[in-house]
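Commentary on secondary and tertiary structure
Each chain, written out:
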Amino acid sequence: MDGPDGGVRAAREAYDRVWGPMSGRDRGKYLFRIARLIQERSRELAVLETLDNGKPIKESRDFDIPMAAAHFFYHAGWADKLEFLAPGRQLAPHGVVGQVIPWNFPLLMLAWKIAPALATGNTVVLKPAETTSITALKFASILQDAGLPPGVVNFVTGAGETGSAVVNHPLAAKIAFTGSTAVGKAIQRALAGTGKRLTLELGGKAANIVFDDAPIDQAVEGIINGIFFNQGHVCCAGSRLLVQESIAATVLAKLKIRLKTIRTGDPLDKNTDIGAINSKAQLTRIQDLVASGVAEGAEIHQPACTLPKKGFYFPPTLFSNVSQSHRIAREEIFGPVLSILTFRTPEEAVEKANNTHYGLSAGVWTDKGSRILKMSTELKAGVVWANTFNK
C-alpha cells in the first residue's frame, strides 16, 4: 500500500466488505486468537519490547506483555455483548479509526488502542512512535498468523508528518491519540468542525500526597514505584510528591535509603530496576530540566551508581526544597526525577496539587477513610489512588 493514504483506504475497504458486516461473535474469535498468540510468543515479545524501548526486561516480561494479552482477551469477550453495554441505545462502529501512539509502552499502548476498536467493529490505521516501531511490526505478523482479514489493521511508520496524514485523512472517522499536550491541542484544532470523533490522553504531572498518619514504609514503596517504574516514562507518574511538613524529613531520609537499592543499567539484565532512556532527545530534555532545578535552588540527591558507558541512561533523582514556581514542579519531565514539596494542611495540599495544567491522576496516602473521600472529590484529577499509586 502507498503510505498513510493506502492504509486508510485499505481499512475502509476492509470495513465495508468484511469487518463491518461480520458478527460480534466472529470478531471475538479473532481477538481471542490474537490474545493467545501474544501469550505464546511472550518471551520473544518481551525481549523485543526491551530492545525497542529500553525498559527493564522484568517489566516487559511481567507487566507489558501479559497486560497486552489481557486486553485482547477482555475485549474479545465484549465483542458479542455490545447490545448490553448501553441498553436502549443503538450502537454502531465509526468505521476507520486512526490511532497514533507514543514510545513509552509500545505494545501495551497498541493493545489499548486496537483491541476495543476491533471488538466494536472498526478497522484501524495505527502509527507507532518513530523510535519504537519494532513490536508493532512484529505484532503485524501475529495478526497474519491469526488469519485476520487483510486491511482490518494497518500500520504506517514515520515521524510527525505521517501521523498528521492519518489524523487529517477524510476517510478516518475517529482519531485516538496518546502523546504530548502540545500535539494533542494541535490535533484538536485540526479536527474542529470536521465531525470526526476524537479521544486524547495527554501529559501528566501527578501529585502523590502523603499525610502524617499514612503508613510511611508502604507509602515510600508506592512513591518509588509511582515515579521510577518504566524510567518515569509514564503519563500518570507521581512526579510531584507532596509530604505533610511534620513527616517530611522522615520520608526524605527513607527515600534516600531506598534509592541506594535501585539498580540502573542494562535493560536485558533481569535484576535491573531502571533501564535506558528511550532516546537522546528525551535524555537531553531530562538533563535540561534537572539543571534548571539546581539553578533555581532546589536540593538534588542522586545515589552513587555507575551508569553504562553505551546508551542513554539517567540515575534516579530526588529534588527537595522545591517550590511551586520551579520548572521541575510545573513541567512534565518524563524521566526518573521526583520533585518533593511540603504542605501543612489538607487545604494547602489540595491547592498545591491542583496548581497545574494537567489533571490525569493523583494519589493520597492516609489512614483516614473520610480524608480519602474528601480529597478525591477536591483533587482535579481523572483518577485518584488511595494508599497505592498507578495500580
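On a predicted model such as this, the values are computed, not experimentally measured, just so you know.

Focus on the pairing of strand β1 (residues 96–100)
The buried fraction of β1 amounts to five of the five residues, a majority that puts the element mostly inside the structure. Here β1 shows no split at all, with Val96, Gly98 and Val100 on one side and Val97 and Gln99 on the other all buried. Sheet topology note: the β1/strand β2 (residues 123–127) ladder contains five bridges and is parallel. Along β2, the bridge assignment pairs Val96 with Thr123. Taken together, β1, helix α5 (residues 106–119) and β2 form a β-α-β motif whose crossover is right-handed. Bridging between β1 and strand β4 (residues 172–178) involves five bridges; their strand directions are parallel. For Gln99, the partnering residue across the bridge sits in β4 and is Ala176.

A closer look at the pattern of salt bridges
Considering all chains together, one arrives at 20 salt bridges under this definition. A salt bridge links Glu130 to Lys127, with the shortest nitrogen-to-oxygen separation between them at 3.5 Å. Note on Glu130: relative accessible area 51%, which makes it exposed. Taking relative accessible area as the criterion, Lys127 reaches 3% and is therefore assigned buried. Taken together, the salt bridges that share partners define one network made up of Asp213, Lys368 and Arg371.

Examining the environment of Thr284
Mapped onto the elements of the fold, Thr284 is located in helix α11 (residues 280–295). Sequence separation of Thr284 and Ala10 is 274 residues, and the distance between their C-alpha atoms is 39 Å.

Remarks on the packing of helix α2 (residues 24–40) against helix α4 (residues 57–78)
It is the contact of α2 with α4, at a shortest axis distance of 8 Å, that shows an interaxial angle of 165°. Relative to α4, the element α2 is oriented roughly antiparallel. Between α2 and α4 lies a crossing of left-handed hand. Contact with α2, carried on its side by Gly28, Leu31, Phe32, Ile34, Ala35, Arg36, Ile38 and Gln39, involves Ile65, Ala68, Ala69, Phe72, Phe73, His75, Ala76 and Gly77 of α4 and no other residues of that element. Grouping the amino acids of the contact of α2 with α4 by side-chain chemistry returns eleven nonpolar, four polar and one charged.

Quick look at the sheet that holds strand β11 (residues 361–365)
Spatially, β8-β9-β10-β7-β6-β11-β12 is the arrangement adopted by the seven strands of the open sheet, whose pairing is mixed. Looking along the sheet, the strands with just one partner apiece sit at the ends: β8 (299–301) and β12 (383–386). Direction aside, neighbouring strands of the sheet carry axes that sit 20° apart on average. Looking at chain direction, β8 and strand β9 (residues 317–320) are connected through three bridges and run antiparallel. Residue pairing for β9: Glu299 is matched across the bridge by Ser320.

How each quantity is defined
Residues numbered from 1 in each chain as written. Predicted model: local features only at pLDDT ≥ 70, side-chain atom pairs only at ≥ 80, totals over all residues. Heavy atoms only, no water. Buried < 20%, exposed > 50% of the residue type's maximum accessible area, 1.4 Å probe, protein only. Helix = DSSP H or I, 4+ residues; strand = E, 2+ residues; numbered from the N terminus. Pairing = 2+ DSSP bridges. Right-handed = clockwise from strand over helix to strand, strands pointing away. Salt bridge = Lys/Arg side-chain N within 4 Å of Asp/Glu carboxyl O. Axes fitted to C-alpha atoms, helices over the stretch in contact; angles between N-to-C directions. Parallel < 35°, antiparallel > 145°, perpendicular 65-115°, else oblique. Left-handed = near helix turned anticlockwise from the far one by under 90°. Contact = heavy atoms within 4.5 Å. Nonpolar A, V, L, I, M, F, W, Y, C, P; charged D, E, K, R; others polar.

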